[in-house]
Every structure is written in structure tokens, then in C-alpha cells.
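Observations on chain architecture
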Amino acid sequence: MKRLLSIELQKIWKNRASKVLTISYFVILSFIALIASIKFDIGNFKIHFAEMGIFNFPFIWHFNTYIASTLKFFLAIIIVSMMANEYSYGTLKQNLIDGMSKKEFILSKFLTVVFFAVVSTIFVFIMSLLLGYNFSSYNEIGIVFSDLEYLVAYFVKLVGFFSFCLFLGVLIKRSAFAIGFLFIWFIGETIARLTLTFDIFPKSKIASQITQFFPLESMSNLIVEPFSRLSVIKNIQETIGENNSKDFGVHPIAILIVLVWTAIFIYSSYLLIKKRDL
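Residues numbered from 1 in each chain as written. Predicted model: local features only at pLDDT ≥ 70, side-chain atom pairs only at ≥ 80, totals over all residues. Heavy atoms only, no water.

Right, let's get into a nonpolar patch on the surface. Taken together, the side chains of Trp13, Ile23, Val27, Phe31 and Leu34 make up a nonpolar region of the molecular surface, amounting to roughly 490 Å² of accessible area. Relative to the helices and strands, valine 27 resides in helix α2 (residues 16-30). (Patch = residues over 30% accessible without salt bridge, like charges linked within 9 Å, V, L, I, M, F, W, Y side chains within 5 Å. Areas by Shrake-Rupley, 256 points an atom, 1.4 Å probe, with all protein chains shown as cover. Salt bridge = Lys/Arg side-chain N within 4 Å of Asp/Glu carboxyl O. Helix = DSSP H or I, 4+ residues; strand = E, 2+ residues; numbered from the N terminus.)

Here it is as C-alpha cells:
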């Protein structure tokens, strides 16, 4: 497994575009720290994000994983390109000629997906600890290391999303078309979700019970938006008479759904490679 992962990482690192995207992703990810320095002074109205509690433990685990997950498209491009380049440069056929089986080939891609997810999760964990200890009002160990399930959800979300991207790269063979198809799929899911929610099952939970099984929607459900948890937002909602009863937790069923989709995407990728005349 170490050999397979090493082969894939060498391919990525020797590709200039992939190298730039990888470095850019982690640089931009670290820019979350800059949110702490943002201040708005408009007359008597002042906003200092760090003072709003976004870096308080344990809320920071929710906030940082949510923000970091929005940047996953940088690595998605790498995953799709990684597969598309196999066809463009003929390295897939060469690997098979050199003795790598089709199962090992797909395994090497999946190991790369997991590797990126692990590194990204560790990066977010370390960054969150540093920011939390600098800005959090609560530094007790029990509080600091509570809500770490958001990191688990973040890892599962990345693995699921990257596996989907890998499948699209295998299916479509061209990175630009695969990325385009990803956005089309996203739009399709959005239209279906809105139709079910507002037209077919208005004022009912049936729509959410159905859409939770959509691939991208299931990944999105792992980490819901954290902003409504902030005290300043809650105060505004109470002032205007709005009652926020949103569930912000990470649920095992949500993780299970994404893991099932991950297995489907990886196995489907293997079947495509297995059946194709390469």
C-alpha cells in the first residue's frame, strides 16, 4: 500500500498544476486565521469576528471544519485531473503493462484520496488548536477536546467527495468535462431538493428524509452551517421573534450514508476500469 501511495504522490508532485493547487489549498486554508483580525467599525456598530466567539472552544471545531470544507474544490480538481491525466498521458496502460493490477490501480487512487483527507484533517486540527488557545475564552481540557466529532465528519466528507470526483474522472476521462458534470450534478440536486421541499412536500420533513440520501446533500448534512449558533445571531433572532431549532449535531446515520456512497463510487470506478479495453 505504501508503494502504491508513493507512486501516486510522485505523479501529483511532478505535475506543476497539481503542485500549485495543492500548495494553494493549504495556504488558503491557513487564511482562516485572518478572520480573527477582521474588524468593521460603522459608526457605533462594531464587528470584531474574534470577539464574537467563533474561535471559542468547542465551537471552533464546528466553525473551522465548515469553512475548510468549502475549500475542498481545490483538491477536487487535483483528484479529477489525477485520473484524467492517466488517460491523456497513457500512464494507466503503462502501469498495467508494468504489472499493476486494475484493483491495485484503483486502490492507489483511493489511498491518495484518503491521504489528502487525512492531511487536511490534521492541518485543520492543528490550526484550530492554535487559534483556539490564542482567542478562546475557555481553555479547560474537557471543553477543548469536546465536539471533536466535527473533525470525524470533516474527514468522512472529504473522503466521500473526493471519491465522487475520482468516479467522475474515471467515467468521463476529461478533467474539464468531469468538473463541469460535478457542477451540473450539484445544480440538479439543488433543483430536486427545492422542488421536493417547497412544491411536493411543503411544511413537511418528508423532503429532507428523501434528500438526505442524495450524494452531495448527504455530504453537506455532515456539517451544517455554524453561524446560527453564535450568540449574536441568536440575540438577533430572538429580537425579531424567530425561533431557531436547527440541529447542529453530527449524526451516525449521516456518516453511514456518506460511507455507503464512498463505497459505491470506489467500487463503480473499479468496475469501469475492469470492463474497459485499455
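Here the narrative resumes.
Its 16 residues give helix α4 (residues 73-88) an end-to-end C-alpha distance of 22 Å, which sits within 8% of 22 Å, the value for a rise of 1.5 Å per residue. By the burial criterion, the buried members of α4 are Leu75, Ala76, Ile78, Ile79, Val80, Ser81, Met82, Met83, Ala84, Glu86 and Tyr87. In the segment just after α4, glycine 90 is the residue with positive phi, at about 70 degrees. (Expected span 1.5 Å × (residues − 1). Buried < 20%, exposed > 50% of the residue type's maximum accessible area, 1.4 Å probe, protein only.)

Another aspect to go through is the packing of helix α1 (residues 2-14) against α2. Running from N to C, α1 and α2 point in directions that differ by 95 degrees, and their axes come no closer than 5 Å. In terms of orientation, α1 lies roughly perpendicular with respect to α2. Counted together, Ile12, Trp13 and Lys14 of α1 and Arg16, Ser18, Lys19, Thr22 and Ile23 of α2 form the full contact between these two elements. Broken down by class, the residue content of the contact of α1 with α2 amounts to three nonpolar, two polar and three charged. (Axes fitted to C-alpha atoms, helices over the stretch in contact; angles between N-to-C directions. Parallel < 35°, antiparallel > 145°, perpendicular 65-115°, else oblique. Contact = heavy atoms within 4.5 Å. Nonpolar A, V, L, I, M, F, W, Y, C, P; charged D, E, K, R; others polar.)

What follows deals with unusual backbone geometry. In this structure, the amide linkage connecting phenylalanine 57 to the following residue, proline 58, adopts the cis form with an omega of 0 degrees. One can find proline 58 in the loop between β2 (45-48) and α3 (59-69). Even without being glycine, aspartate 147 reaches a positive phi, approximately 65 degrees. You can see aspartate 147 is positioned in the loop between α7 (141-144) and α8 (149-172).

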